[in-house]
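# Breakdown of the fold
Listed below are the residues making up each chain.
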Amino acid sequence: MSQTAVSTQRPSKTDTAYDVELRKVFKVYNGETAVRGVDLQIRSGEFFSILGPSGCGKTTTLRLVAGFETPSAGEVLVRGQSMLTVPPYQRPVNTVFQSYALFGHMTIWDNVAFSLKLKGKTKAELQDRVREALELVKMTSFAHRYPAQLSGGQQQRVALARALVNRPAVLLLDEPLGALDLKLRKEMQVELTSLQQELGMTFVMVTHDQEEALSMSDRIAVMNEGRVEQIGSPSEIYERPRTPFVADFIGETNLFRGRLTQHDRDGLTVVTDAGLQLAVKSQEPWAGGGGGGGDVVVSVRPEKVHVSLYKPEVAANCFEGDLRNIMYLGTHVHYVVELRSGDRVTVMQVNTGGERPKLHVPVYVHWSPVDCLALAA
Amino acid sequence: MTESVSPVPPTPATPEPEERRSRTQGLGPWILLGPPGLWLLLLLVLPVLVIFELSLVPGIRPGDLVNPSGLDNYVEILKPIYLRVILRTVGFAGASTAICLLLGFPVAYWIALMSPRRWRNALVVAFVLPLWTSSLLRSYAWITILRPTGVLNSFLATFGIPQLDLLNQNAAVLIGMSYSFLPYMVLILYSSLEKLDRRLLEAASDLGATPVQAFWQVTVPQSIQGIAAGSLLVFISSLGDFINPELLGGASSMTASRLIYNQFLGATQNWGFGSSLSMVIILAVSAAIALLIRYGDATPKT
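Residues numbered from 1 in each chain as written. Chains lettered and ligands numbered in written order. Predicted model: local features only at pLDDT ≥ 70, side-chain atom pairs only at ≥ 80, totals over all residues. Heavy atoms only, no water.

## Examining the overall build of chain B
In terms of regular secondary structure, chain B is built from 14 helices and 0 strands. Expressed as a percentage of its 302 residues, the buried residues of chain B come to 34%. Counting only contacts in chain B whose residues sit at least 6 apart along the sequence, the fraction spanning at least 24 positions is 67%. When the accessible area of chain B is evaluated, it comes to approximately 18,000 Å², of which 70% is carbon and sulfur surface. (Helix = DSSP H or I, 4+ residues; strand = E, 2+ residues; numbered from the N terminus. Buried < 20%, exposed > 50% of the residue type's maximum accessible area, 1.4 Å probe, protein only. Contact = heavy atoms within 4.5 Å. Areas by Shrake-Rupley, 256 points an atom, 1.4 Å probe, with all protein chains shown as cover.)

Encoded structure:
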């Protein structure tokens, strides 16, 4: 399937608008296919994330770009140049490894200077650039320490400086913040994005954390079982998921499986397996089959669902249920409502301070037809 | 979030272990140290002291009274003929260490980093297998290979290559020594290389290092402790090796261990001089080990 508007205007081989391009890339390990026909075009200067659950092939995809893996089929291009015969040490990309992979027998300074020394830079240039890189990540005062003497967050910064000092065309980041605690991770998210904007460098980040991907990226590719499910901006991915997997994986959602019974100008009518009748009015025309009978999944975000103690004056998508769980999250309140049909609906409401329903009381949930999305199952 | 709240309350600190520790604090370590301490005292410290006492007696023969009288035996070692023997001993040890390192490193590297994972243990065992036979037997095997009418020469003869006369030469001693101690080198290097983080090699490659540069700048420094430990073990073992120089070497392959043997059980029968030679070897080995302990672990590792 074609993912975005971009993929329709296919570039020629010498087009350098794309810093990284993957064309129908496959990777097979011992009979198991890790990557199945991935097409990606990563624009120059963008912060691109590859998001997916563990084992979806996202790290393999990144390693194919870095050159640690060779594709079983397909082509990998960096700045329009085919990388098929280029070993990792000659590719214009650098990697920030998940485990940082700092050289334990070298000081921080020598770690950062490693790639410049190999290139035979003059001593003056080497000194300037190492200092500059260490300043960029605020690690200048640690230059003479060894990696084992630093905290995880500090090692992370050094790994970043070591990868940036070489001024690569593309910086690859493999779960760069995965090993940090929550507070540090939030700080580094901000720092990484501002660094990327400052340098104007193309960043390709692999992550399993959808919040991280949404908050940091210009565009996201969502991967599942070796395939790209969708590519788009964070808001496109979140608000207009193309597949049930993307809807479920990105953020929380309520999914109802059912069959399409009616399709007209006013929208779609879906009857779920449990017998609920749902009205859907998408902004986008229904891409699936016309008449009735098709399998569909309807997705409703928890924050679009309303909970009330009294029957609201709406006709569509209003159901009675029992309040099964309340989680008070400060700014928000999270409810789980079990409908008469047996379906469970999660609801996220802003804590406005009004009267809150109590546990196990009968409540009504409702949502607008424009707030749900029908996806071909 | 439910996962942040631990459902199990923190275990209350029991005063019991604390109490027990303080009660046995004075005695506990000594009880533990007792058996190995006694072992060391009886089998290491006392014999060394006996050797040291003997080394102070000039020209003592079996049955003579022990009557320490000075350092004459040590002065004797400084004679050029004996210095040459010691130099040759160190030369053999150094050369066989170098040979073992050169042959052992590629093998250990291959087993640890390149062979299929499920074969690794089998390969290591296969390499260590020769150690299960007697070292005397292995040296005799080399005699049958290296002697003028031996396996090697009959093999060379089939290709019309001129005969090699290796037996009773220094070359034969080196072959035998290297063969004897190679498994130790491979074993130690393997355990060191096996711990090598491959992601470091990927990082080096990512940063522009060719495989050769990555080897010298990452693999070797990362396994330097294994290299040092393996080399030292081979060096010390070679320094004290008696069987290989005695069986495979000739008159010109006199080493310190053969010289010591001659002083005690051979024709010379000079226990005092033999003891002083032994003391010099013991001191040299101790110094080497002390250096390794002092400088072997200088850089912090990740």
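On we go.
## Details of the overall build of chain A
Looking only at helices and strands, chain A features 8 helices and 20 strands. Counting only C-alpha atoms, chain A reaches 75 × 45 × 35 Å along its principal axes. Every one of the 377 residues in chain A was classed for burial, and the buried ones make up 51%. Nonlocal contacts in chain A, meaning residues at least 24 apart in sequence, comprise 66% of its contacts between residues at least 6 apart. Split by element, the accessible area of chain A, about 17,300 Å² in all, is 48% carbon and sulfur. Charge-centre separation for chain A: the mean point of 41 positive side chains lies 5 Å from the mean point of 42 negative side chains. (Lys, Arg positive; Asp, Glu negative; His and termini not counted. Charge placed at Lys NZ, Arg CZ, Asp CG, Glu CD.)

## Observations regarding the packing of aromatic side chains
A ring pair, where both rings are aromatic, is described by two values, the distance of the centres and the angle of the planes. Summed over all chains, the structure comprises 16 aromatic pairs over all chains. With centroids separated by 5.1 Å and ring planes inclined at 85 degrees, the aromatic side chains of phenylalanine 215 of chain B and tryptophan 216 of chain B adopt a geometry described as edge-to-face. A relative accessible area of 22% places phenylalanine 215 of chain B in the partly exposed class. A cation over a ring is seen here: lysine 27 of chain A above tyrosine 29 of chain A, with NZ or CZ 5.3 Å from the ring centre. Looking at arginine 162 of chain A, its charged tip hangs above the ring of phenylalanine 103 of chain A, at a distance of 4.8 Å from the centre. (Phe/Tyr/Trp six-rings, centres within 6.5 Å; stacked < 30°, edge-to-face > 60°. Lys NZ or Arg CZ within 6 Å of the ring centre and 35° of its normal.)

## Details of the environment of methionine 254 of chain B
Residues and elements named next belong to chain B. Secondary-structure assignment places methionine 254 in the loop between helix 12 (243-248) and helix 13 (256-264). Sequence spacing of methionine 254 and valine 218 is 36 residues, and the spatial spacing of their C-alpha atoms is 41 Å. When neighbours within four sequence positions are excluded, methionine 254 is seen to be in contact with Val85, Arg88, Leu259 and Asn262.

## Some details on the pattern of salt bridges
All names here are of chain A. Under the counting rule described, the total for this entry stands at 23 salt bridges over all chains. The shortest N-O distance in the salt bridge between glutamate 125 and arginine 129 comes to 3.2 Å. One end of the pair is glutamate 125 and the other is arginine 129, both in helix 3 (residues 123-136) and 4 residues apart, which spans about a single turn. Glutamate 320 is the partner of arginine 340 in a salt bridge, and the nearest nitrogen-oxygen pair spans 3.4 Å. One end of the pair, arginine 340, is in the loop between strand 17 (332-339) and strand 18 (344-350); the other, glutamate 320, is in strand 16 (residues 318-328), and 20 residues separate them in sequence. Exposure remark for arginine 340: the relative accessible area of 52% places this residue in the exposed category. Taking the relative accessible area as the measure of exposure, glutamate 320 reaches 32% and is therefore partly exposed. (Salt bridge = Lys/Arg side-chain N within 4 Å of Asp/Glu carboxyl O.)

## Let's talk about the side chain of serine 253 of chain B
With respect to the element layout, serine 253 of chain B can be found in the loop between helix 12 and helix 13. Ignoring sequence-local partners within four residues, the contact set of serine 253 of chain B consists of Arg88, Phe92, Gln169, Asn170, Val173, Pro245 and Arg258 of chain B.

## Observations concerning the pairing of strand 4 (residues 73-78) of chain A
Residue and element names in this part refer to chain A. As paired elements, strand 1 (residues 18-29) and strand 4 share 5 bridges and run antiparallel to each other. In the strand pairing of strand 4, glutamate 21 is matched with leucine 77. Pairing between strand 4 and strand 5 (residues 81-82): 2 bridges, direction antiparallel. Paired with valine 78 across the two strands is glutamine 81, which belongs to strand 5. (Pairing = 2+ DSSP bridges.)

## A few points about the nonpolar core
Among the nonpolar cores identified, the biggest contains 65 residues, and Leu40, Phe103 and Phe114 of chain A are the most heavily contacted of them. Tallying contributions element by element places helix 8 (residues 170-194) of chain B first for this core, with 9 residues. Other than its neighbours up to four places away in sequence, phenylalanine 103 of chain A contacts Asn111, Phe114, Pro147 and Arg162 of chain A together with Leu200, Ala203, Ala204, Leu207, Val218 and Gln222 of chain B. (Core = buried A, V, L, I, M, F, W, Y, C linked by side-chain atoms within 4.5 Å.)

## Examining the environment of phenylalanine 103 of chain A
All names here are of chain A. Within the element layout of this structure, phenylalanine 103 appears in the loop between strand 6 (93-96) and helix 2 (108-118). A relative accessible area of 0% means that phenylalanine 103 is categorised as buried. C-alpha separation for the pair phenylalanine 103 and lysine 138, spaced 35 residues apart in sequence, amounts to 19 Å.

## What to know about the environment of asparagine 153 of chain B
All names here are of chain B. Examined against the element boundaries, asparagine 153 turns out to sit in helix 7 (residues 151-158). A residue is classified by how much of its surface remains accessible, and asparagine 153, at 2% relative accessible area, is buried. The residues touching asparagine 153, leaving out its near neighbours within four places in the chain, are Ile145, Leu146, Arg147, Pro148, Gln163 and Leu164.

## Concerning the interface of chain A and chain B
Between chain A and chain B, the contact holds 24 residues from the first and 21 residues from the second. Buried surface at the junction of chain A and chain B, summed over both partners, amounts to about 2,200 Å²; 64% is from carbon and sulfur atoms. In this structure, the connection of chain A to chain B is made through 1 salt bridge. Here arginine 63 of chain A ties to glutamate 202 of chain B by a salt bridge, and the two come within 2.6 Å at their closest N and O atoms. Here chain A and chain B share 7 residue pairs in polar contact (both at pLDDT 80 or more) between them. Those elements that place two or more of their residues in the side of chain A that touches chain B are helix 1 (58-66), strand 6 and helix 2 of chain A. Considering only residue class, the side of chain A that touches chain B consists of 15 nonpolar, 7 polar and 2 charged. (Buried area = accessible area lost by both parts, 1.4 Å probe. Polar contact = N/O pair within 3.5 Å; in protein donor to acceptor, adjacent residues only side chain to side chain. Nonpolar A, V, L, I, M, F, W, Y, C, P; charged D, E, K, R; others polar.)

## Some points on the sheet that holds strand 14 (residues 295-300) of chain A
Residue and element names in this part refer to chain A. Spatially, 5 strands are ordered 13-12-11-14-20 in an open sheet, and the strand pairing comes out antiparallel. At either end of the open sheet lies a strand with only one pairing partner, and these are strand 13 (277-280) and strand 20 (372-376). If you compare each strand with its neighbour and ignore which way they point, the axes differ by 40 degrees on average. Examined bridge by bridge, strand 14 and strand 20 share 5 bridges and lie antiparallel to one another. Among the inter-strand pairings, valine 297 is bridged to a residue of strand 20, identified as leucine 375. (Axes fitted to C-alpha atoms, helices over the stretch in contact; angles between N-to-C directions.)

## With respect to helix 2 of chain A
Most of helix 2 of chain A sits inside the fold, with 9 of its 11 residues counted as buried. Within helix 2 of chain A, the full set of buried residues consists of Ile108, Trp109, Asn111, Val112, Ala113, Phe114, Ser115, Leu116 and Leu118 of chain A. Here the buried face of helix 2 of chain A lies against helix 3 and helix 4 (152-164) of chain A together with helix 9 (198-206) and helix 10 (211-222) of chain B. Two residues or fewer past helix 2 of chain A, glycine 120 of chain A is found with a positive phi of approximately 70 degrees.

## A short note on the confidence of the model for chain A
Residues with a pLDDT of 70 or more make up 93% of chain A, whose mean pLDDT is 88. Note on residues 1-14 of chain A: pLDDT is under 50 here. Beyond four places in sequence and across chains, it has 25 contacts. (pLDDT = per-residue confidence, 0-100.)

## A closer look at a nonpolar patch on the surface
Together, Leu38, Trp39, Leu40, Leu41, Leu42, Leu43, Leu44, Val45, Leu46 and Leu49 of chain B make up a nonpolar patch on the protein surface, roughly 960 Å² of accessible area in all. Mapped onto the secondary structure, leucine 41 of chain B falls in helix 2 (residues 28-55). (Patch = residues over 30% accessible without salt bridge, like charges linked within 9 Å, V, L, I, M, F, W, Y side chains within 5 Å.)

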